[in-house]
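What the coordinates show
In case you want the letters, here they are:
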Amino acid sequence: MIKKIAVIGAGVCGLGAIKSCLEEGLEPTCFEKGSDIGGLWRYEETPDSGRAGIYKSLTCNTSKEMTSFSDYPVPDHFPNYMHNSKMMEYLRMYARHFGLMQHIEFLAKVCSVRRCPDFSSSGQWQVVVEADGKQKSYIFDGVMICSGHYTEKHLPLQEFAGIQEFRGRYLHSWEYKHPDAFAGKRVVVIGIGNSGADVAGEISRVAEQVFLSTRRGAWIWNRVWDDGNPMDTVLFTRYNRAVQKLLPSFLINRWAENKLNMRFNHANYGLQAMKHKRPGVFSYQTVFNDDLPNCIITGRVLMKPNVKEFTKTSAIFEDGTEENVDVVLFATGYTFSFPFLEDDLAILDSQHSMYKFVFPPQLEKPTLAFIGILQPVGALIPTSELQSRWAVRVFQGMHCSSTRAETDMMAEINRRKMNRKQVQYIDYMDEIASELGVKPSLFSLLLCDAKLAKEVFYGPCTPYQYRLQGPGKWTGARAAILTQRDRILKPLRTRVLQPSGSSSSRWLWVARVCAVLFLSASVVIITQMIYH
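One structure accompanies this document, and this report is about it. (Residues numbered from 1 in each chain as written. Predicted model: local features only at pLDDT ≥ 70, side-chain atom pairs only at ≥ 80, totals over all residues. Heavy atoms only, no water.)

**Things to note about the pattern of salt bridges**
Any two side chains of opposite charge can pair, on the condition that their charged atoms come close. This model, assessed by the stated rule, comprises 28 salt bridges. Glu65 is the salt-bridge partner of Arg487, the closest N and O atoms lying 2.9 Å from each other. Of the two residues, Arg487 sits in helix H16 (residues 484-489) while Glu65 sits in helix H2 (residues 64-67), which places them 422 residues apart along the sequence. We classify Glu65 as buried; its relative accessible area is 1%. Measuring nitrogen to oxygen at the nearest pair gives 3.7 Å for the salt bridge that ties Arg467 to Asp71. Here Arg467 is found in the loop between helix H14 (450-458) and helix H15 (477-482), whereas its partner Asp71 is found in the loop between H2 and helix H3 (84-97), with 396 residues between them in sequence. Across the pair, exposure class does not vary: Arg467 and Asp71 are buried alike. Members of the salt-bridge network, linked through shared partners, are Lys19, Glu23, Asp71, Glu385 and Arg467. (Salt bridge = Lys/Arg side-chain N within 4 Å of Asp/Glu carboxyl O. Helix = DSSP H or I, 4+ residues; strand = E, 2+ residues; numbered from the N terminus. Buried < 20%, exposed > 50% of the residue type's maximum accessible area, 1.4 Å probe, protein only.)

**Quick word on helix H5 (residues 194-203)**
Of all 10 residues that make up H5, 9 are buried, and the element is covered over most of its length. Within the sequence span of H5, burial applies to Asn194, Gly196, Ala197, Asp198, Val199, Ala200, Gly201, Glu202 and Ile203. At its buried positions, H5 is contacted by strand E10 (186-190), strand E11 (209-213), strand E13 (287-288), helix H9 (292-297), strand E14 (301-304) and strand E18 (327-330). (Contact = heavy atoms within 4.5 Å.)

**With respect to H3**
Because each turn of an α-helix spans 3.6 residues, side chains separated by three or four positions end up pointing in the same direction. With 14 residues, H3 extends 20 Å between its outermost C-alpha atoms, agreeing within 8% with the 20 Å of an ideal straight helix rising 1.5 Å per residue. Within the span of H3, buried status applies to Asn84, Met87, Met88, Tyr90, Leu91, Met93, Tyr94 and Ala95. One or two steps after H3, the chain reaches Gly99, where phi turns positive at roughly 65°. (Expected span 1.5 Å × (residues − 1).)

**Here we look at the packing of helix H1 (residues 12-23) against helix H10 (residues 380-395)**
Orientation of H1 relative to H10, taken along the N-to-C sense of each, is 35°, at an axis distance of 8 Å. In the crossing of H1 with H10, the sense of the turn from one axis to the other is right-handed. In this structure, H1 uses Val12, Cys13, Gly16, Ala17, Ser20, Cys21 and Glu23 to contact H10, whose residues at the interface are Leu380, Ile381, Ser384, Glu385, Ser388, Arg389 and Val392. Along the lines of polarity and charge, the residues of the contact of H1 with H10 split into 7 nonpolar, 4 polar and 3 charged. (Axes fitted to C-alpha atoms, helices over the stretch in contact; angles between N-to-C directions. Left-handed = near helix turned anticlockwise from the far one by under 90°. Nonpolar A, V, L, I, M, F, W, Y, C, P; charged D, E, K, R; others polar.)

**Regarding the packing of aromatic side chains**
Under the defined criterion, the tally for this structure stands at 28 aromatic pairs. Between Trp221 and Trp225, the aromatic rings sit 5.7 Å apart at their centres with planes inclined by 20°, giving stacked as the arrangement. Classification of Trp225 as buried rests on a relative accessible area of 8%. Taken together through their ring pairs, the aromatic side chains of Phe69, Tyr72, Tyr90, Tyr94 and Phe98 make up a single cluster. In this structure, Lys86 is placed above the aromatic ring of Phe78, and the distance from its NZ or CZ to the ring centre is 4.4 Å. (Phe/Tyr/Trp six-rings, centres within 6.5 Å; stacked < 30°, edge-to-face > 60°. Lys NZ or Arg CZ within 6 Å of the ring centre and 35° of its normal.)

**Focus on unusual backbone geometry**
Residue Asp132 is not a glycine yet carries a positive backbone phi of 55°. With respect to the secondary-structure elements, Asp132 resides in the loop between strand E5 (125-131) and strand E6 (134-140). Among the residues examined, Asp132 registers a relative accessible area of 78% and is labelled exposed. For Lys356, which is not glycine, the phi dihedral falls at a positive 55°. Judged by its relative accessible area of 6%, Lys356 is buried.

**Re the pairing of strand E2 (residues 27-32)**
Regular strands have side chains that alternate between both faces of the sheet. Of all 6 residues that make up E2, 5 are buried, and the element is covered over most of its length. In the sheet, strand E1 (residues 4-8) pairs with E2 via 5 bridges, with the strands oriented parallel. Counterpart to Ala6 in the pairing with E2 is Thr29. Read from E1 through H1 to E2, the crossover connection turns out right-handed. (Pairing = 2+ DSSP bridges. Right-handed = clockwise from strand over helix to strand, strands pointing away.)

**Points about the sheet that holds strand E9 (residues 169-172)**
Pairing is parallel across the open sheet formed by 5 strands, whose spatial order is E9-E18-E10-E11-E14. The strands lining the two open edges of the sheet, one partner per strand, are E9 and E14. In this sheet, adjacent strand axes meet at a mean angle of 20° when their direction is disregarded. In terms of strand pairing, E9 meets E18 through 4 bridges, oriented parallel. Note that in E18 the partner of Leu171 across the bridge is Leu329.

**As for the nonpolar core**
Core analysis: the largest hydrophobic core is formed by 98 residues, its most contacted members being Met144 and Trp221. What Met144 contacts, discounting residues up to four positions off in sequence, is Ile5, Ala6, Val7, Ile8, Ala17, Cys21, Ala369, Ile371, Ser388, Ala391, Val392 and Phe395. Ranked by size, the runner-up nonpolar core spans 23 residues in total, among them Val127, Val129, Phe338 and Phe340. (Core = buried A, V, L, I, M, F, W, Y, C linked by side-chain atoms within 4.5 Å.)

**What to know about the packing of H10 against helix H12 (residues 425-436)**
Angle between the axes and distance between the axes: these two values describe a pair of packed helices. Two numbers describe how H10 lies on H12: the axes approach to 9 Å, and their chain directions differ by 20°. Our classification of the angle between H10 and H12 gives roughly parallel. The handedness of the crossing between H10 and H12 is left-handed. Residues Pro382, Thr383, Leu386, Gln387, Arg389, Trp390 and Arg393 of H10 form the contact with H12, whose participating residues are Tyr425, Tyr428, Met429, Ile432, Ala433, Glu435 and Leu436. Here the contact of H10 with H12 is composed, by residue class, of 9 nonpolar, 2 polar and 3 charged. (Parallel < 35°, antiparallel > 145°, perpendicular 65-115°, else oblique.)

**Observations concerning the environment of Pro79**
Positionally, Pro79 belongs in the loop between H2 and H3. Along the sequence, Pro79 and Leu489 sit 410 residues apart, while their C-alpha atoms lie 9.4 Å from each other. Sequence-distant contacts of Pro79, that is, excluding residues within four places in its chain, are made with Lys64, Lys86 and Pro491.

**Observations concerning the environment of Pro460**
Within the element layout of this structure, Pro460 appears in the loop between H14 and H15. Of the residues examined, Pro460 reaches a relative accessible area of 3% and is grouped as buried.

**Thoughts on the sheet that holds strand E17 (residues 322-324)**
Spatially, 3 strands are ordered E15-E16-E17 in an open sheet, and the strand pairing comes out antiparallel. The open sheet terminates on both sides in strands that have one partner only, identified here as strand E15 (307-310) and E17. Put simply, the sheet's adjacent strands are angled 25° from each other on average, direction ignored. As paired strands, E15 and strand E16 (residues 314-317) are joined by 3 bridges and run antiparallel to one another. The partner of Val307 across the bridge, within E16, is Phe317.

Structure below.
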């Protein structure tokens, strides 16, 4: 009998989950409470509460080759860093190519997910869904939760004395769409994650003044790296990761600090942490931004410490300075929220403990998987896709994780000792790939395909590497890897240059060489005549 799987959410994680189910011969039904696919990447001027909200200018922080699904490269003419509209175009192409739309029920809100009475033996779930004002109950053999974690705003008003008496406007970055409403205003942005840095820079183009408040500082990485290449394609290679594992962490941090400070000195720009300094660059959340230093040096953005309190018309900062402000924008992130689980601690405890960030260890049967709720230092699409490929194999009973004991899983969770859900991209991808049996073998490749082995080791660790072997092997993976650099360059080379090998330029070059040789010979002859 074909197993039926519920997929909750039709964003990037949900689409990858549907595709993985179909690959393994499962029958997926995806419930999407919105009217379209895309999740976080679907821009709406007025998003519904509980849905991800993005600003109109949002552009991907990871390059297209590192961001694509593992068996469907982004078109070569697409820009390396895609605007949200381009990302939506790519997702629609992916969904059409693999026939995913027919498995999605739109405007369908999942109300509850409960274990069936015989769960300990069947592993089945009762899922209640509301559509057209009516609720309907379903029984599924497995559930994949792909609803993301950018839906519930974290708005810590209690930490800011006086905010309730503030006469101006305050809002969360979830509500921000474009800068027009901030023209001529004095705005304080609280929080320096990716959203905070982006929004502060964008608003500063029209505002009277923007203040960017941070209690801990940040290291700013820019998308364009050495020789104009996308940053992640240069840094995220197996060769670099091997070197990092060999070197002590202080050397790696020293290199990164020097590299980032070569662009601009973070201390001089008010960005480097002073109080409560953590050891090294990689102890901080990665912030990608190309414009912030320009905004600071032109005075449009002023860096400030944490806000101590608000008055009716101003913000008082911890350094004692006070600034009149009209608007407060909280870029303070999001909280995890899965209301349909009804606070079932057997599914998800207060620490969000999950085996390899996917499976709740307390369940008797591993038939529920969380997809994409971790924060990789890298792209989410390939990470979540690999999680889905692994999860469906476990659902089918084709993997040892389907029988792993709770104590073993908890021991592995405790060994990680992670205070936040952020992981190294290559390490985590290889970890899940090893569970699935698709981690590329460099030794085998070196013996049978040295050209491919060289690109796999020294080139960017693109998702196609995890389709070279094992379950879900894709025949186009080798070609995709060997042509990835061409796809990086294609959208950059839009200006056609005159061929340097034309006959006129070639003869001009020959004439110049002859002239130099003639002058050199003349100098030698004249010199000899003088001295002899």
